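# Survey of secondary and tertiary structure
Each chain is listed here by its residues.
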Amino acid sequence: MSDTGVRGGMEELAKLGEWVALIDACVEPMARGQVDLTDPDWVRKVRESAHPLDEAGLRPEAEAALRDVLSRYEAGGEDVRAALRALLERCHSFSWATTLPFAATPQGFRQRLLEMSVEDQGQDTRDMMVALNDLCGQARDAGVDLRPLLLEVAGLSSDIDKYGMGSTRDILLRAAGREPTGLW
């Protein structure tokens, strides 16, 4: 790619970063909101509350931004993937609130794995591992051959052990290596 093409790609990535950061700022108050666990109706109130993206009126924009992130993550080199992982680490309210509609198809599972990969364990490896194990169970139940998808996405994932429980790559490879696929 020419120098101009690299600069243009980095400018587009910077614009995407600004857009994700703006959405992050809009949903952050909801992400950091307190739930009064002493209220006997707290579960019902949480269930009945609007989704943060709907409350902010940003669902279509946030989903479009996440689609752009995933597209660039998949097509980019390691430098682009690292930049996108860093972006979502900074914009954890965006990550907390934004996910794409899920379909129990190979493409749907692959998309969810890409989301996990770019989120790079988020704020807690344990949450990521529970979600991954649940995803693997859903894939098995739907008859999806998840192992090739796990291996493919592991190849795009970070090899940095952020929290002492293995890197995202290691965790995906561990899930792919088990029979049946999954972590436990």
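Attention in this report is confined to the structure presented alongside it. Each residue is numbered by its place in its chain's sequence as written, counting from 1. Residue-level local features of this predicted model are given only where pLDDT is at least 70; pairs of side-chain atoms are given and counted only at 80 or more, and the full residue set underlies all totals for whole chains, interfaces and linings. Just so you know, side-chain values use all the structure's heavy atoms and leave hydrogens and water out.

## Digging into the pattern of salt bridges
Whenever Lys or Arg places a side-chain nitrogen within 4 Å of a carboxyl oxygen from Asp or Glu, that contact is recorded as a salt bridge. Taken as a whole and judged by the stated rule, the model has 17 salt bridges. Linking E115 and R112 is a salt bridge whose minimum nitrogen-to-oxygen distance equals 3.1 Å. In this pair, E115 and R112 both sit in helix α7 (residues 106-119), three residues apart, roughly one turn of the helix. Exposure remark for E115: the relative accessible area of 3% places this residue in the buried category. Classification of R112 as buried rests on a relative accessible area of 17%. Linked by salt bridges that have partners in common, E12, D68 and R72 make up one network. The numbering of helices and of strands both runs from the N terminus, where a helix is a DSSP run of H or I of at least 4 residues and a strand a run of E of at least 2. Each residue is placed in one exposure class: buried if its accessible area under a 1.4 Å probe, protein chains only, is under 20% of its type's maximum, exposed if it is over 50%, and partly exposed if it falls in between.

## A closer look at the nonpolar core
Nonpolar cores are built from buried Ala, Val, Leu, Ile, Met, Phe, Trp, Tyr and Cys residues. Side-chain atoms within 4.5 Å join them into one set. Residues V20, L84, F94, L113, L132 and L150 are the most contacted members of the largest nonpolar core, which totals 44 residues. Contacts are assigned to residue pairs with any non-hydrogen atoms lying within 4.5 Å of each other. Apart from residues lying up to four places away in sequence, L84 is in contact with L13, L16, V69, R72, Y73 and V118.

## What about the side chain of S117?
Topologically, S117 is positioned in helix α7. As used in this structure description, the phrase polar contact means that two N or O atoms lie within 3.5 Å; if the pair is within protein, one of them must be able to donate a hydrogen and the other to accept it, and residues adjacent in sequence are counted only when both atoms belong to side chains. Side-chain polar atoms of S117 contact the side chain of Y73, separated by 2.5 Å. Not counting residues up to four positions away in its chain, the partners in contact with S117 are Y73, R85, V153, L156, S157 and T168.

## Comments concerning a nonpolar patch on the surface
Any residue with relative accessible area above 30% and no salt bridge may belong to a patch, with like charges joined within 9 Å and the nonpolar Val, Leu, Ile, Met, Phe, Trp and Tyr side chains within 5 Å. Computed with a 1.4 Å probe, the accessible areas rest on the Shrake-Rupley method; for each residue, only the protein chains presented here act as cover. Judged by side-chain polarity, V35, L37, W42, V43 and V46 come together as a nonpolar surface patch covering roughly 420 Å² of accessible area. With respect to the helices, strands and loops of the structure, V35 is situated in the loop between α1 (3-31) and α2 (42-48). Assessed through its relative accessible area of 42%, V35 is described here as partly exposed.

## Looking at the state of the cysteines
Two cysteine sulfurs form a disulfide in these notes if their separation is within 2.5 Å. With the rule as written, the count across this model stands at zero disulfides. Counting only cysteine sulfurs, C26 is the nearest neighbor of C91, a cysteine outside any disulfide, at a range of 11 Å.

## A few points about the environment of P52
With respect to the helices, strands and loops of the structure, P52 is situated in helix α3 (residues 52-56). Since its relative accessible area comes to 13%, P52 is described here as buried. Once the C-alpha coordinates of P52 and P29 are considered, the two residues, 23 residues apart in sequence, prove to be 9.4 Å apart. For P52, the contacting residues outside a window of four places in its chain are V27, M30, W96 and A97.

## Regarding the packing of aromatic side chains
Here a Phe, Tyr or Trp ring, Trp counted by its six-membered ring, pairs with any other such ring whose centre lies within 6.5 Å, and the pair is stacked when the planes are under 30 degrees apart, edge-to-face when over 60, and tilted otherwise. Enumeration over the complete set of coordinates arrives at one aromatic pair. With a centroid separation of 5.1 Å and an interplanar angle of 80 degrees, the aromatic rings of F102 and F109 are classed as edge-to-face.

## Looking at helix α8 (residues 125-141)
Expected helix span is taken as 1.5 Å per residue step, with the number of steps being one fewer than the number of residues. Between the first and last C-alpha of α8 there are 24 Å, a value that for 17 residues agrees with the 24 Å anticipated at 1.5 Å per step. Those residues of α8 lying buried are T125, M128, M129, L132, N133, L135, C136, G137 and A139. For α8, the elements touching its buried residues are α7, α9 (146-154) and α10 (168-177). Once α8 finishes, G143 follows within two positions and takes phi at roughly 80 degrees, a positive value.

## Considering unusual backbone geometry
A cis amide bond links E179 to the next residue, P180, at an omega of 0 degrees. The residue P180 is located in the segment after α10 in this model. One non-glycine residue, Q121, lies in the positive phi region at around 75 degrees. Structurally, the position occupied by Q121 is in the loop between α7 and α8.

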